[in-house]
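As a plain string of letters, each chain reads:
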Amino acid sequence: GPRSLFDVVLPMMDGVRGLLRLLRRRWRACSVCVIFAFLVYAVLREVPEHAEFVAPPAPPPRICPKGTHAVTKKAFLHDHDCSVLQNWTWSVNQDKGWASEKSCDCMPRVLVYTWTTENTFYMFRSDIYWKMCYAHMHGFDLVIIDGGNGASASWSYNDDLVWGWFQPIQKYLEQDYDYLFFTGGDYLITERNIKFPIWAWSLGHDLTVMDQQWTEFGFNENALVFRLSGDRSWIHRFLDMLHEYRYGTYLQGDNGPYMETILRALGRELEEDGQPGYDGHCASQGLVLDMPASKLFKEDFDTYRKKNTVFSACFFNTLEALTGPGNQRRSKRIGFSSLYDPKMPWANCWLAMRHLPNAKEMCFGMHWTGMDKPDHRQVEGRCPDPSFEPIWAASPHNRVEKS
């Protein structure tokens, strides 16, 4: 039948109400966008047309205690060396600046310095490998000076050669290092003690050497630790004193003068404190020779040996008078690393040290003095840090002797 007015109007009103509800929902969503756009516009109106956004300032550089530098890259043994540093006797007890250095963001910066001749790269190739491995694992710098064709393949003893290290080292003494570790080319760092950081031998002295008991050939000049963060002027005075002997004929080339220079330096130290010093009497006990040491060594070894015995006796007796008994020596400038400290490996296992009963466990470095030289043309062992092998493969120091 015919529909009433309500039948027509009511559905229309329901449709209007639905439309209004839809518009209201869309307005709520849209209004958020409109308000956000308005806020962005308001902010941008306040920014100058050519304004530049400046990055936040970089953090201030790390201020490290004296004797350390900021670590820029962690080496393979960083955590191990950090532990050693935090328990280091000198760092904790004698320099308050170190005692709070627990983060190890700062570590001693070290240069391992070696002077050698061309034939040594071949003869002691394994020794070169382990020096490089050692420096790489600790994050130390390494310099190997090639002295050229100064020696024959038989490794002849030569007075000029034994002084060859002196001039090249001078510029490195002025560079930004905390320690410089001086070794010869025929010096093998042992894998057993390769974790030991050389700065741990230092107890704040300007020069640290390994102490020794009496031997007929005296103290051996190798594995010297120069503390460049200390008094560099004293180091230069010591080396200048040593260089006074450069052009004479002396026992063991530079090694006899090295022992005499130790006595002179210790004597001056005592004199500065108002005590009797060293009068130079050992110089007349076989130090000065009538011919080059290398010539006497070859032509009359018995005489050469007797002169060494006489001078060494004078040296050790005078050293004890100036510093106290062995492994208990006292000096402000020269440190003598004790052979009886189980935490300290022996720095310089030369001929008189290599055959001691506990040498295998205690030797940090083997110094191949004497006539019996090992054949180290082939690398023995493998560096514990696998990242070192590509470095060794590409190194100019990795020299294979041509047939």
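These numbers were taken from a predicted model, which means no experiment stands behind them.

Cut-offs applied
- Residues numbered from 1 in each chain as written.
- Predicted model: local features only at pLDDT ≥ 70, side-chain atom pairs only at ≥ 80, totals over all residues.
- Heavy atoms only, no water.
- Helix = DSSP H or I, 4+ residues; strand = E, 2+ residues; numbered from the N terminus.
- Polar contact = N/O pair within 3.5 Å; in protein donor to acceptor, adjacent residues only side chain to side chain.
- Contact = heavy atoms within 4.5 Å.
- Phe/Tyr/Trp six-rings, centres within 6.5 Å; stacked < 30°, edge-to-face > 60°.
- Buried < 20%, exposed > 50% of the residue type's maximum accessible area, 1.4 Å probe, protein only.
- Lys NZ or Arg CZ within 6 Å of the ring centre and 35° of its normal.
- Axes fitted to C-alpha atoms, helices over the stretch in contact; angles between N-to-C directions.
- Parallel < 35°, antiparallel > 145°, perpendicular 65-115°, else oblique.
- Left-handed = near helix turned anticlockwise from the far one by under 90°.
- Nonpolar A, V, L, I, M, F, W, Y, C, P; charged D, E, K, R; others polar.
- Disulfide = S-S within 2.5 Å.

Looking at where R354 falls in the secondary structure, it is placed in the loop between strand 9 (334-337) and helix 13 (359-362). In terms of polar contacts, R354 uses its side chain to reach the backbone carbonyl oxygen of H367, at 2.5 Å. A distance of 3.4 Å separates a polar side-chain atom of R354 from the backbone oxygen of T369. Other than its neighbours up to four places away in sequence, R354 contacts C349, A359, M366, H367, W368 and T369.

This model, assessed by the stated rule, comprises 26 aromatic pairs. Centroid distance Y134 to F140: 5.8 Å. Interplanar angle 65°. Geometry classified as edge-to-face. F140 carries the same exposure label as Y134, and that label is buried. Both rings, one in F196 and one in F364, keep their centres 6.2 Å apart while their planes meet at 70°; by these two values the pair is edge-to-face. Placement of F196 in the loop between strand 6 (187-189) and strand 7 (207-210) and of F364 in the loop between helix 13 and strand 10 (365-367) is noted, with a sequence separation of 168 residues between them. Grouping residues by exposure puts F196 and F364 together as buried. One aromatic cluster in this structure is built from Y134, F140, F181, Y187, F196, W201 and F364. If you follow R329 out to its NZ or CZ, it ends over the ring of F336, 5.9 Å from the centre. Taking NZ or CZ as reference, R399 lies 3.8 Å from the ring centre of F121, over its face.

Let us now look at the packing of helix 9 (residues 232-243) against helix 10 (residues 255-272). Orientation of helix 9 relative to helix 10, taken along the N-to-C sense of each, is 135°, at an axis distance of 9 Å. As judged from the angle between their axes, helix 9 and helix 10 are oblique. The two elements helix 9 and helix 10 cross, and the hand of that crossing is right-handed. Contacts from W234, F238, M241 and L242 in helix 9 reach P257, Y258, T261, I262, R264, A265 and R268 in helix 10. In the contact of helix 9 with helix 10, the residues fall into 8 nonpolar, 1 polar and 2 charged.

Once that is clear, we can look at the state of the cysteines. Counting across every chain of the model gives 5 disulfides. One disulfide in the model links C64 with C106; its S-S distance is 2.0 Å. On the S-S bond that ties C64 to C106, the torsion sits near -75°, and the link is left-handed. Of the two residues, C64 is situated in the loop between helix 1 (5-46) and strand 1 (69-70) and C106 in strand 2 (residues 106-107); the sequence distance between them amounts to 42 residues. Paired through a disulfide, C82 and C104 show a sulfur-sulfur distance of 2.0 Å. Given an S-S torsion of about 85°, the disulfide between C82 and C104 has right-handed geometry. Taken together, the residues C82 in helix 2 (residues 78-86) and C104 in the loop between helix 4 (96-99) and strand 2 connect sequence positions 22 residues apart.

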